[in-house]
Amino acid sequence: MRLIAVLSLTPFDAGLKGGWKSILSWGEGMSDNARRLPDRPTSPHLTVWRWHATMLSSILHRASGVSLYAGALILAAWAICLAVGPECYAGYMALLGGPIGKIVLLGLTAAIFYHTANGIRHLVWDAGKAFDPKFSDLTAIVVIAFTVAATAATWIIAGMTGGL
Amino acid sequence: MTSYRTPRSRAAGLGSAKHGVSTWIAERVTSVALVPLALWAVFAALRVAPMGYEGAVAWLHHPLNLTFSLLFAGLSFYHMGMGMAVIIEDYIHRRSTLVTLLLLNAFVWFGFGVATIVALLKVALATSVGVAL
């Protein structure tokens, strides 16, 4: 009885929409006990967490993945324009070569380098290795530094080879 | 309301869907393959950017370029479809919105993936191209 009283006084009831209740409520065959679970803080809560390298690298992995989703659609449009003909292709390349197109492509260059390098980090974790927090912080910083360097190098090469 | 379900029946209802492993493996296999393919794609973009229309068509006529283009496009669309599905499942908890977005994602990645591959093949396999390169 005392335990139930403590549970019902959990401080996380107010102000949190969704949480465990909503996650559990789409499972079929729910027990009433599970439905009555109090809302718990969901992770990650950006407002209560201190920013650190591994957190930033995790968020950037998702952000770069979503960016590359858009990038794939830009690639699809490129292939379709190439298939349609010279006018379509020239127009599309002019769009990509314009100021907005250049900003988008610069972001996509960073995204593809970041997502690839950080993806290797994830593959190493999937193999059950390199979980040490300090080492993870280090590799996060290495990946971000690689992204900046590789993106700069790519655009310098593009400038020198007439790709801009 | 009192629940008359047995603990066992409750556990059975909340258990795994029994089909997650193949998706997990597919995510990793596409990841491994996309590491070299992504680097190749950046290299290819640098090569093709200054070529213009005829140069790009000729470039795609090379079997190796076509092969890597198809692999990169196909695996990228597959990989990003699985990734976006995870993001949708993470953040969307309303059943109707969840299903709608998952369906939309499935149509987008598969539809645009097929369209890209068709476009690449059409360019690469066209014989009547007056390109002397």
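Each chain carries its own residue numbering, running from 1 in the written order of its sequence. Both sets of labels track the order of writing: A upward for chains, 1 upward for ligands. Given that the model is predicted, a residue must reach a pLDDT of at least 70 before its local features are reported, and side-chain atom pairs must reach 80 or more before they are shown or counted; all residues, however, enter totals for whole chains, interfaces and linings.

### What about the overall build of chain A?
Part 1: Only DSSP runs of H or I with at least four residues qualify as helices, and only runs of E with at least two residues qualify as strands; both kinds are numbered from the N terminus onward. Secondary structure assignment for chain A yields seven helices and zero strands.
Part 2: Ordering the α and β elements of chain A from the N terminus gives α-α-α-α-α-α-α.
Part 3: Once C-beta atoms are placed from the backbone, each residue is buried if 20 or more other C-beta atoms lie within 10 Å of its own, exposed if 12 or fewer, and partly exposed for counts between those two. Relative to its 164 residues, chain A shows a buried fraction of 24%.
Part 4: Think of it this way: build a C-beta for each residue from its backbone, and any pair within 7 Å is a contact. Sequence separation of 24 or more characterises 63% of the internal contacts of chain A that already satisfy a separation of 6 or more.

### Description of the overall build of chain B
Part 1: When helices and strands are tallied, chain B shows five helices and zero strands.
Part 2: Going from the N terminus to the C terminus, chain B shows its helices and strands as α-α-α-α-α.
Part 3: Its C-alpha atoms give chain B a radius of gyration of 22 Å, clearly above 14 Å, the size a compact globule of 133 residues would have.
Part 4: By its C-alpha atoms, chain B is 80 × 25 × 25 Å across when sized along the principal axes. Throughout, the radius of gyration refers to the C-alpha atoms, and the reference size of a globule is 2.2 Å times the residue count to the power 0.38.

### Re the interface of chain B and chain A
Part 1: With 35 residues of chain B at the interface, the matching set in chain A holds 37 residues.
Part 2: Among the elements of the structure, α1 (7-13), α2 (20-48), α3 (52-61), α4 (63-91) and α5 (95-125) of chain B are those that each provide at least two residues to the side of chain B that touches chain A.
Part 3: Charged residues are taken to be Asp, Glu, Lys and Arg, nonpolar residues to be Ala, Val, Leu, Ile, Met, Phe, Trp, Tyr, Cys and Pro, and polar residues to be all remaining types, Gly included. In the side of chain B that touches chain A, the residues fall into 23 nonpolar, seven polar and five charged.

### Structural notes on the nonpolar core
Part 1: To count as a nonpolar core, a set of buried Ala, Val, Leu, Ile, Met, Phe, Trp, Tyr and Cys residues must be joined through C-beta atoms within 7 Å. Grouped together as the largest cluster of nonpolar side chains are 43 residues, with contacts concentrated most on A:Ala79, A:Leu82 and B:Val123.
Part 2: In terms of residue count, helix α4 (residues 53-84) of chain A provides more of this core than any other element does, twelve residues in total.
Part 3: Not counting the four nearest positions on each side in its chain, A:Leu82 is found in contact with A:Tyr89, B:Ala56, B:Val57, B:Ala119 and B:Val123.

### What to know about the confidence of the model for chain A
All names here are of chain A.
Part 1: As a per-residue measure, pLDDT tells how confident the predictor is, with possible values from 0 to 100. Model confidence for chain A is summarised by a mean pLDDT of 83, while 73% of its residues fall at 70 or above.
Part 2: Mean pLDDT across the elements of chain A bottoms out in helix α1 (residues 2-8) (43) and peaks in helix α6 (residues 99-126) (98).
Part 3: Contacts of residues 1-28 to residues separated by more than four positions or lying in other chains number 32 contacts, the stretch itself having pLDDT below 50.

### Here we look at the packing of α4(B) against α5(B)
Residues and elements named next belong to chain B.
Part 1: Between N-to-C directions, angles span 0 to 180 degrees; the directions come from axes that are lines fitted to C-alpha atoms, helices contributing only their stretch in contact. In contact at an axis separation of 9 Å, α4 and α5 are set at 175 degrees when each is read in the N-to-C sense. Between α4 and α5, the angle is such that the two are roughly antiparallel.
Part 2: Looking at the contact of α4 with α5, its residues break down into 18 nonpolar, six polar and no charged. By definition in this entry, angles of less than 35 degrees are roughly parallel, angles greater than 145 are roughly antiparallel, angles of 65 to 115 are roughly perpendicular, and the rest are oblique.

### Considering unusual backbone geometry
Most peptide bonds take the trans form, and the phi angle of most residues other than glycine is negative.
Part 1: Positive phi, normally seen in glycine, also occurs at A:Ala130, with a value near 60 degrees.
Part 2: Its place among the elements puts A:Ala130 in the loop between α6 and α7 (133-160).

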